[in-house]
Amino acid sequence: MSIPMYSPPAFHILSKPRGAICNLDCSYCFFLTKEMLYPNSNFRMSDETLESYIKQTIEGHQTPEVMISWQGGEPTLMGLDFFRKALEYEKKYKKPGQMIQHTIQTNGTLLTDEWAQFFKGNNYLVGISLDGPRHLHDVNRVDKGGASTFDRVMKGVEFLKKNGAEFNILCTINATNQDHGADVYRFFRDELGAQFIQFIPIVDRLMDSSLIPTNEIQVAEDADVHHAGRLRRFYSQRGHVVSSYSVSPEGYGNFLNDVFDEWVKKDVGTIYVQMFDVTLANKVGAPPGLCVHSPTCGVALAMEHNGDLYSCDHFVEPEYLLGNIREKGMVEMISSGKQQKFGSDKLDTLPKYCRECEVRWACHGGCPKDRFTLTPEGEPGLNYLCPSFKLFFNHVSRPMEIMGDLLKKDLAPADVMTLWPEKKEDKKTRKRH
């Protein structure tokens, strides 16, 4: 195995032990049709692949902390014995002084007391996918029969709370809930007791059938698949239109602004919203900790159930396959010229319009997957969510500056709640542009 000229001291891999297999059928899921990449697979990570993944991840880190992350599909479909085996391999390969942390993203519907006790006892942060109250959640997040999943998710959350397992909420922002920011936030805070929340915008690109590349047609003779009677197109990062359930270009920003206005009144320091933490980090010049709003990317990758390593979770497509960890070293692939170019392209292809933008300090062009629109001057590469980024980052710039100044003085950012005046204007008349 060749020694890479450069290897990052740390990296993050979303490992998908069951691939795209899931017990739900969420309408906006970009990953369900990825099973078409692996015809005739049983979609279960083998013991050999599991050991190789744990070994290479631990050995590849030059930092005292290592993150093992599980996602899907639905990773709990692997069963608890799989994750117990992973812990055995961690103990086998762990270096002296290393700390292993774990995350798992789950829809929560299969959780039990036993699962919750396992998570509590083994340093797991559990991400629960939930889109808000029942009437918002159940529009898109349904099971294979099209039935509600809300009660099952809530039951899963209760198991976690009962057993003291740490959890956060991952809420997608889509056409259904984009106008209900404050209501969604209050639900998570007041009814769920969540302290950590992520808001992820749904931007599902579509393309006309005439634009399907040849290599995608080879993935499956019929590039359309049926889920619960609904027709799906193999999801890829191509196309210049979006699905009807995607968030609007301004909707994500308006949603975040509504949440921020509620949060900044009384929740700073007690409720943690990922986007707000990232924005504050960028304001004070610290690493944001999120690839979406970093100048470059490339150290957050995805691994399929069989060990195939891809450039990014949103680019699990043939042209972004780096290789298989059973055949090529993980660090070698992460450090490859192909992956380094993938990461640096985020900055190198940033349009002039973005380079000169007043919110570049926080935005950095957003995720490359969403940069498919044109700037006012007609230059390609503008993020579909650009209007949202301008709405949000301009809206919070001053209070973020206040929090940054407080940090520099070794004071609590929560003091912003007494220093930043409430907005008096009626939200119904707030300018939406």
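Our subject is the structure listed above.
Just so it is clear, the model here is predicted, and its values are computed rather than measured.

A. Layout of the pattern of salt bridges. Following the criterion strictly, the structure yields 19 salt bridges and no others. Where Glu-262 meets Arg-189, a salt bridge forms, and the shortest distance between an N and an O atom there is 3.3 Å. In this pair, Glu-262 sits in helix H8 (residues 251-266) while Arg-189 sits in helix H6 (residues 181-191), placing the two residues 73 residues apart along the sequence. You can call Arg-189 buried: its relative accessible area is 13%.

B. Inspection of the packing of aromatic side chains at higher detail. Counting across every chain of the model gives 25 aromatic pairs. Their ring planes at 85 degrees and their centres at 5.5 Å tell us that Trp-70 and Phe-83 sit as a pair that is edge-to-face. A residue pair is termed long-range when its members are at least 10 positions apart, and Trp-70 in strand E2 (residues 65-70) and Phe-83 in helix H2 (residues 80-93) qualify at 13 residues. Of the two residues, Trp-70 and Phe-83, both sit in the buried class. Between Phe-315 and Tyr-320, the aromatic rings sit 4.8 Å apart at their centres with planes inclined by 65 degrees, giving edge-to-face as the arrangement. Ring pairs connect the aromatic residues Tyr-53, Trp-70, Phe-82, Phe-83, Trp-115, Phe-118, Phe-119 and Tyr-124, which therefore count as one cluster. The ring of Phe-31 has Lys-16 sitting right over it, with the charged end atom 4.0 Å from the ring centre. If you follow Lys-283 out to its NZ or CZ, it ends over the ring of Trp-361, 3.9 Å from the centre.

C. A look at helix H1 (residues 47-60). The end-to-end C-alpha distance of H1, which contains 14 residues, comes to 20 Å, matching closely the 20 Å that a straight helix rising 1.5 Å per residue would cover. The buried fraction of H1 amounts to 10 of the 14 residues, a majority that puts the element mostly inside the structure. Among all positions in H1, only Thr-49, Leu-50, Glu-51, Ser-52, Tyr-53, Ile-54, Gln-56, Thr-57, Ile-58 and Gly-60 are buried. Buried-residue contacts for H1 involve strand E1 (12-15), E2, H2, strand E3 (99-106), strand E12 (300-303) and helix H10 (330-334).

D. Structural view of the side chain of Ser-388. Tracing the backbone through its elements, the reader meets Ser-388 in helix H14 (residues 386-408). A relative accessible area of 1% means that Ser-388 is categorised as buried. Within the local environment of Ser-388, its side chain forms a polar contact with the backbone oxygen of Glu-250, the two atoms lying 3.3 Å apart. In this structure, Ser-388 is in contact with Ser-248, Pro-249, Glu-250, Gly-251, Tyr-252 and Gly-253, ignoring residues within four places of it in sequence.

E. How the structure looks around the sheet that holds E3. Read from one edge to the other, the open sheet built from 10 strands follows the order E11-E6-E5-E4-E3-E2-E1-E12-E13-E14, with strand pairing classed as mixed. Either end of the sheet is taken by a strand with one partner, and the two such strands are strand E11 (272-273) and strand E14 (321-324). Taken strand by strand, H8 contacts strand E5 (166-173), strand E6 (196-201) and E11, and its axis lies near 160 degrees from that of E6.

Definitions and cut-offs
Residues numbered from 1 in each chain as written. Predicted model: local features only at pLDDT ≥ 70, side-chain atom pairs only at ≥ 80, totals over all residues. Heavy atoms only, no water. Salt bridge = Lys/Arg side-chain N within 4 Å of Asp/Glu carboxyl O. Helix = DSSP H or I, 4+ residues; strand = E, 2+ residues; numbered from the N terminus. Buried < 20%, exposed > 50% of the residue type's maximum accessible area, 1.4 Å probe, protein only. Phe/Tyr/Trp six-rings, centres within 6.5 Å; stacked < 30°, edge-to-face > 60°. Lys NZ or Arg CZ within 6 Å of the ring centre and 35° of its normal. Expected span 1.5 Å × (residues − 1). Contact = heavy atoms within 4.5 Å. Polar contact = N/O pair within 3.5 Å; in protein donor to acceptor, adjacent residues only side chain to side chain. Pairing = 2+ DSSP bridges. Axes fitted to C-alpha atoms, helices over the stretch in contact; angles between N-to-C directions.

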